[in-house]
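# Commentary on secondary and tertiary structure
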Amino acid sequence: MFITADQITAANKTNLDAFTGLSTKAFSGFEKLVELNLAAAKAVLTESFHHAQSLLAAKDLQQVMTLQTGLVGPAAEKAAAYSRHVYGITVETSAEFTKAFEAQAAESQKTMTKAMDSLSKNAPAGTESAVAVLKSALASSQNAIESAQSTAKKALALAESNVAAVTEHALSAAAAVSKKA
């Protein structure tokens, strides 16, 4: 099987299209993070000014202490919400990359399978065992790739559940501290 100039051009175009798509997705994720950070910074600035005004208006030390301890719970909740947003953007962007890579891997597997079929049809007599070994190696590599993808998906799901559990625990702890204050 010989590779023609048209096939090389088509492969280069496909690769450029894939790179363009992934770059666009990466930039979109970055843009979402910038928007989130700007919104968070604006909210923190506004809340800080309001809190400073409240502290300045406090009549005694008890009122200052109450204002200060009253920040713990809401601050923890806001930090957890911010973390969830960042995590959501990251997971969404990663999922898009994973989807693109899986599609590319499937296309590569299809191309390799076609090449192996062509090779086996056009192989000289007496090379059947060598072709069988190559087909077996291809099948093994495809199984390994599928197994790795499955393991990565399971690990991601476990990580997501752990992040959710830790976040809930942190919020519960912050709520408990706020109630004691």
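Residues numbered from 1 in each chain as written. Predicted model: local features only at pLDDT ≥ 70, side-chain atom pairs only at ≥ 80, totals over all residues. Heavy atoms only, no water.

### Digging into the environment of L33
Here is the rule: Starting at the N terminus, helices and strands are each numbered in turn, a helix being any DSSP run of H or I of at least four residues and a strand any DSSP run of E of at least two. Remark: exposure states derive from per-residue accessible area (1.4 Å probe, protein chains only) relative to the maximum for the residue type, with buried under 20%, exposed over 50%, and partly exposed in between. Any two residues having at least one pair of non-hydrogen atoms within 4.5 Å are treated as being in contact.
Looking at where L33 falls in the secondary structure, it is placed in helix α1 (residues 5-57). The class of L33 is partly exposed, set by a relative accessible area of 26%. Residues L33 and V86, 53 residues apart in the sequence, show an inter-C-alpha distance of 6.8 Å. If we skip the residues at most four places from it in the chain, L33 touches V86 and I89.

### Side note on helix α3 (residues 72-122)
Put simply, the test is: By definition here, a helix of n residues has an expected span of 1.5 Å times n minus one.
The first and last C-alpha atoms of α3 sit 73 Å apart over 51 residues, in line with the 75 Å expected at 1.5 Å per residue. Buried residues of α3: G73, A80, I89, T93, Q109 and M116, and no others.

### Quick word on the packing of α1 against helix α2 (residues 61-69)
Note the cut-off: Axes, fitted as lines to C-alpha atoms, cover a helix only where it is in contact. Angles between the N-to-C directions of the axes lie from 0 to 180 degrees. Angular relationships are summarised with four words: roughly parallel below 35 degrees, roughly antiparallel beyond 145, roughly perpendicular across 65 to 115, and oblique for the angles in between. Crossing handedness follows the turn of the near helix against the far one: under a right angle anticlockwise gives a left-handed crossing, and clockwise gives a right-handed one. When residue character is reported, Ala, Val, Leu, Ile, Met, Phe, Trp, Tyr, Cys and Pro are called nonpolar, Asp, Glu, Lys and Arg charged, and the others, Gly included, polar.
Packing of α1 against α2 brings their axes to within 9 Å, and their N-to-C directions diverge by 160°. When the interaxial angle is binned, α1 and α2 end up roughly antiparallel. Read as a crossing pair, α1 and α2 show a hand that is right-handed. Contact residues: α1 offers H51, S54, L55 and A57, while α2 offers Q63, V64, L67 and Q68. Residue composition of the contact of α1 with α2, grouped by class: 4 nonpolar, 4 polar and no charged.

### Examining the confidence of the model for the protein
Defined as follows: Confidence of the prediction at every residue is given by pLDDT, a number between 0 and 100.
Mean pLDDT over the protein stands at 82; residues scoring 70 or higher make up 94%. Across the protein, the element-wise mean pLDDT spans from 76 in helix α4 (residues 128-180) up to 89 in α1.

### A few points about the packing of α1 against α3
A pair of packed helices can be characterised by two numbers: the angle between their axes and the separation between those axes. Where α1 meets α3, the axes come as close as 10 Å, and the angle between the chain directions of the two elements is 180°. One way to sum up the angle between α1 and α3 is to call them roughly antiparallel. Here N15, L22, K25, A26, G29, K32, L33, L36, N37, A40 and E47 of α1 lie close against α3, whose contacting residues are K78, Y82, H85, V86, I89, E92, T93, E96, F97, A100, F101 and Q104. For the contact of α1 with α3, the class distribution of residues is 11 nonpolar, 6 polar and 6 charged.

### Focus on a nonpolar patch on the surface
Heads up, the rule is: Each patch is built from residues lacking any salt bridge and having more than 30% relative accessible area; the joining distance is 9 Å for like charges and 5 Å for nonpolar side chains (Val, Leu, Ile, Met, Phe, Trp, Tyr). Note on areas: these come from Shrake-Rupley sampling with a 1.4 Å probe, and a residue is covered only by the protein chains present in the view. Salt bridges are identified by distance alone: a Lys or Arg side-chain nitrogen within 4 Å of an Asp or Glu carboxyl oxygen.
A surface patch of nonpolar side chains, amounting to about 430 Å² of accessible area, comprises F27, F30, V34 and L38. Relative to the helices and strands, F30 is located in helix α1.

### Topic: the pattern of salt bridges
Evaluation of the coordinates by the stated rule reveals 4 salt bridges. Taking the shortest distance from any N to any O, the salt bridge between E92 and K32 comes out at 2.5 Å. You can see E92 sitting in helix α3 and its partner K32 sitting in helix α1, a full 60 residues away along the chain. For E92, a relative accessible area of 35% gives the class partly exposed. Under the relative-accessibility criterion, K32 is labelled partly exposed at 30%.

### Focus: the packing of aromatic side chains
Keep this limit in mind: For this analysis, a ring pair means two rings from Phe, Tyr or Trp (six-membered ring only for Trp) whose centres lie within 6.5 Å, classed as stacked if their planes differ by under 30 degrees, edge-to-face if by over 60, and tilted for the remaining angles.
Within the structure shown, the criterion is met by 1 aromatic pair. Aromatic side chains F97 and F101 sit 6.2 Å apart centroid to centroid with 50° between the ring planes, which places their arrangement in the tilted category. On the criterion of helical spacing, the pair formed by F97 and F101 is a turn pair, its members being 4 residues apart in helix α3. Take F97: its relative accessible area is 22%, and that puts it in the partly exposed class.

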